[in-house]
Number of protein chains: 2
Amino acid sequence: MGLTKTEIFTAEQNQLAQLLKAMAHPARIAILQRIMASNTCICGDLVDELGLAQATISQHLKELKNAGIIQGTIEGVSVCYCINPEIWGLMTAQIGTFLNAYKGPVSCC
Amino acid sequence: MGLTKTEIFTAEQNQLAQLLKAMAHPARIAILQRIMASNTCICGDLVDELGLAQATISQHLKELKNAGIIQGTIEGVSVCYCINPEIWGLMTAQIGTFLNAYKGPVSCC
DNA sequence: ATATTCTATTGTAATATTACGATTAAGCTT
DNA sequence: AAGCTTAATCGTAATATTACAATAGAATAT
């Protein structure tokens with residue numbers, strides 16, 4: 001045990017869960033907010049601004065990158081991260097569809 | 001180590017992360033979708049319809065309840081779960097604000 | 001070439017999550 | 001009361017996550 005039974009769920013459910021999971025950590029939310037705040041991308045600034053070790057930031061960035069939410073390009077000696085516009089759009093739509101499926105309290109407990 | 005350093009993040013970041021985390025599992029997404037599908041609430045139906053053990057479903061329901069996303073009322077011998085309208089609304093707004101903070105690719109990598 | 005800077009990776013410890021069998025608790029039914 | 005149904009809880013095993021020090025890799029600067 002201990003591992004999610006992905007095979008019993010739909011691809012959409014698994015994908016949505018994966019995207020939500022990628023953002024479901026305060027550090028990663030902070031990272032995404034920081035990237036969005038400066039249109040121009042950043043990188044090692046995150047290490048200074050958030051109070052986490054460099055290895056930890058790098059690990060969080062990797063998770064966001066694996067989920068496809070951000071992308072990084074090497075800019076000389078440093079790495080420039082930014083939002084992946086397509087994935088962000090798809091994700092926003094997918095989350096919106098899910099959340100808007102709720103049509104208020106009809107007759108419930 | 002091994003525990004999230006919540007103290008270095010804002011209350012908003014921690015709260016949003018917590019809500020996202022509560023939904024960041026295909027089983028919990030399936031549960032929420034199932035609850036939304038039948039306006040009228042369900043309970044043990046989930047055990048039959050999802051392919052997970054009763055204890056596992058109960059555990060997932062508990063997490064959703066802890067996050068405030070759903071609420072359960074005892075209905076005789078069974079328990080009726082439904083969406084918590086207020087939290088759902090707040091959550092939708094909070095996630096929307098976060099996702100809409102991204103204003104497309106301005107000049108990035 | 002050597003040093004410096006920046007980031008990724010490796011290794012590791014602490015903790016959390018996921019899943020399920022077994023048990024308990026609470027409410028009907030007879 | 002005794003039995004049945006439904007759901008929560010406990011205990012446990014397997015795996016995943018979070019965080020960091022230490023190290024490695026890659027590009028620039030001296």
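All residue numbers refer to positions counted from 1 along the written sequence of the respective chain. Just so you know, chain letters begin at A and ligand numbers begin at 1, following the order they were written in. Only residues with pLDDT of at least 70 get local features here, since the model is predicted, and only at 80 or more are side-chain atom pairs given and counted; chain-wide, interface and lining totals rely on the full set of residues. To obtain the side-chain values, all non-hydrogen atoms of the structure were included, while hydrogens and water were left out.

How should the interface of chain B and chain A be read in this particular structure?
Interface size is commonly expressed as the accessible surface area that is lost when the partners come together. Note on definitions: a residue-residue contact is assigned when non-hydrogen atoms from the two residues lie within 4.5 Å. On the chain A side, the residues contacting the 46 residues of chain B number 46 residues. A 1.4 Å probe defines the accessible area here, and the buried area is the portion of it lost by two parts on being joined, summed over both. Taken together, the two surfaces of chain B and chain A that pack against each other cover about 3,800 Å², and 79% of this comes from carbon and sulfur. The largest per-residue losses of area from chain B upon contact with chain A belong to B:Phe98, B:Tyr102 and B:Cys109, which jointly make up 18% of the total buried on that side. Salt bridges are defined by distance alone: a side-chain nitrogen of Lys or Arg within 4 Å of a carboxyl oxygen of Asp or Glu. There are 0 salt bridges connecting chain B and chain A.

Looking at this structure, I do not really get the side chain of A:His25. What am I missing?
Tracing the sequence through the fold places A:His25 in the loop between α1 (11–23) and α2 (26–37). Judged by relative accessible area, which is 14%, A:His25 ranks as buried. Those residues in contact with A:His25 that sit more than four places away from it in its chain are A:His60, B:Thr4 and B:Ala17. Helix and strand assignments come from DSSP, with helices taken as H or I runs of at least 4 residues and strands as E runs of at least 2, each series counted from the N terminus. The cut-offs for exposure are 20% and 50% of the maximum accessible area for each residue type, with area from a 1.4 Å probe on protein chains only; residues under the lower value are buried, those over the upper are exposed, and the others partly exposed.

Where do I start with the relation of the copies chain B and chain A in this structure?
Both copies of the chain are tied together by a single rotation about an axis and a shift running along it. Superposing copies: least-squares fit, C-alpha atoms only, residues required to have pLDDT of at least 70 in both. Placing chain B over chain A gives an RMSD of 0.0 Å and needs a rotation angle of 180 degrees, together with 0.0 Å of translation along the axis. On the angle and the small slide along the axis, the relation comes out as a two-fold axis. Mapped onto chain A, 100% of the interface residues of chain B again fall at the interface, so both copies present the same surface.

Which parts of the structure should I look at to understand the UniProt feature "domain: HTH arsR-type" (unreviewed entry) in chain A?
Under the feature "domain: HTH arsR-type" (unreviewed entry), the UniProt entry names residues 8–102 of chain A. Counted over residues 8–102 of chain A, helix gives 61% and strand 13%. Its end C-alpha atoms are 23 Å apart. UniProt positions are given in the numbering used here, feature names are shortened, and annotations may be inferred rather than shown by experiment.

Looking at this model, I keep getting lost on the environment of A:Ile69. Mind explaining?
All names here are of chain A. Checked against the element boundaries, isoleucine 69 lands in the loop between α4 (54–66) and β1 (70–75). Counting along the chain gives 22 residues from isoleucine 69 to methionine 91, while the straight-line C-alpha distance between them is 8.6 Å. What isoleucine 69 contacts, discounting residues up to four positions off in sequence, is Leu19, Ala22, Met23, Leu32, Leu64, Cys82, Ile83, Asn84, Ile87, Trp88 and Met91.

Help me understand the nonpolar core in this model?
For soluble globular proteins, nonpolar side chains are generally found buried alongside one another. Among buried residues, those of type Ala, Val, Leu, Ile, Met, Phe, Trp, Tyr and Cys that are joined through side-chain atoms within 4.5 Å constitute a nonpolar core. Counting residues in hydrophobic clusters, the biggest one holds 64 residues, and the most contacted among them are A:Leu32, A:Ile69, A:Trp88, B:Leu32, B:Ile69 and B:Trp88. Beyond its immediate stretch of four places on either side in the chain, B:Leu32 contacts A:Phe98, B:Met23, B:Leu64, B:Ile69, B:Ile70, B:Ile83 and B:Trp88.

Sorry if this is basic, but what is going on with the packing of aromatic side chains here?
Two measures describe an aromatic ring pair: the distance that separates the ring centres and the angle between the ring planes. Aromatic pairs are defined between Phe, Tyr and Trp rings, using the six-membered ring for Trp, whenever the two ring centres lie within 6.5 Å; interplanar angles under 30 degrees are classed as stacked, those over 60 as edge-to-face, and all others as tilted. What the rule picks out here adds up to 4 aromatic pairs over all chains. Centroid distance A:Trp88 to B:Phe98: 6.0 Å. Interplanar angle 55 degrees. Geometry classified as tilted. In this pair, A:Trp88 is assigned in helix α5 (residues 85–99) and B:Phe98 in helix α5 (residues 85–100), connecting two distinct chains. A single burial state applies to A:Trp88 and to B:Phe98, both of which are buried. Joined through ring pairs, the aromatic side chains of A:Trp88, B:Phe98 and B:Tyr102 make up one cluster.

Which parts of the structure should I look at to understand the packing of α2(A) against helix α1 (residues 11–23) of chain B?
Pairs of packed helices are described in terms of their axes, by the angle between the two and the distance that separates them. Packing of α2(A) against α1(B) brings their axes to within 8 Å, and their N-to-C directions diverge by 115 degrees. For the pair α2(A) and α1(B), the sense of crossing is right-handed. For the pair α2(A) and α1(B), contact is made by A:Pro26, A:Ile29, A:Ala30 and A:Gln33 and by B:Gln13, B:Asn14, B:Leu16, B:Ala17 and B:Leu20, respectively. Classification convention: Asp, Glu, Lys, Arg as charged; Ala, Val, Leu, Ile, Met, Phe, Trp, Tyr, Cys, Pro as nonpolar; all other residues, Gly among them, as polar. Tallied by class, the residues present in the contact of α2(A) with α1(B) amount to 6 nonpolar, 3 polar and no charged. Lines fitted to C-alpha atoms define the axes here, with helix axes fitted over just the stretch in contact, and angles between the N-to-C directions of these axes take values from 0 to 180 degrees. For a crossing to be left-handed, the near helix must be turned anticlockwise from the far one by less than a right angle; the clockwise case is right-handed.

What am I meant to see in the pairing of strand β1 (residues 70–75) of chain B here?
Two faces, one strand: in a regular strand the side chains alternate between the faces of the sheet. All names here are of chain B. Inspection of the sheet shows β1 paired to strand β2 (residues 78–83) by 6 bridges, in the antiparallel sense. Bridge pairing links glycine 72 to tyrosine 81 in β2. Strands qualify as paired when DSSP identifies two bridges or more between them. Counting the residues between successive antiparallel strands, the hairpin from β1 to β2 contains 2 residues, one of them, glycine 76, with a positive phi of roughly 70 degrees.

Please explain helix α4 (residues 54–66) of chain B as it appears in this structure.
Residues separated by three or four positions in an α-helix point in the same direction, a consequence of the helix having 3.6 residues per turn. All names here are of chain B. Here, expected helix span is obtained from the residue count minus one, scaled by 1.5 Å. Across its 13 residues, α4 extends 18 Å between first and last C-alpha, which sits within 8% of the 18 Å expected from 1.5 Å per residue. For α4, every residue scored as buried is listed here: Ile57, His60, Leu61 and Leu64. One face of α4 carries all of its buried residues, which in axial projection span an arc of 100 degrees. Along α4, exposed side chains directed more than 90 degrees from the buried face belong to Ala55, Gln59, Lys62 and Asn66. For α4, the secondary structure elements touched by its buried residues are α1, α2 (26–37), α3 (45–49), β1 and β2. Directly after α4, the chain includes glycine 68, whose backbone phi takes a positive value near 85 degrees. What the arc describes is the spread of directions from the helix axis to the C-beta atoms.

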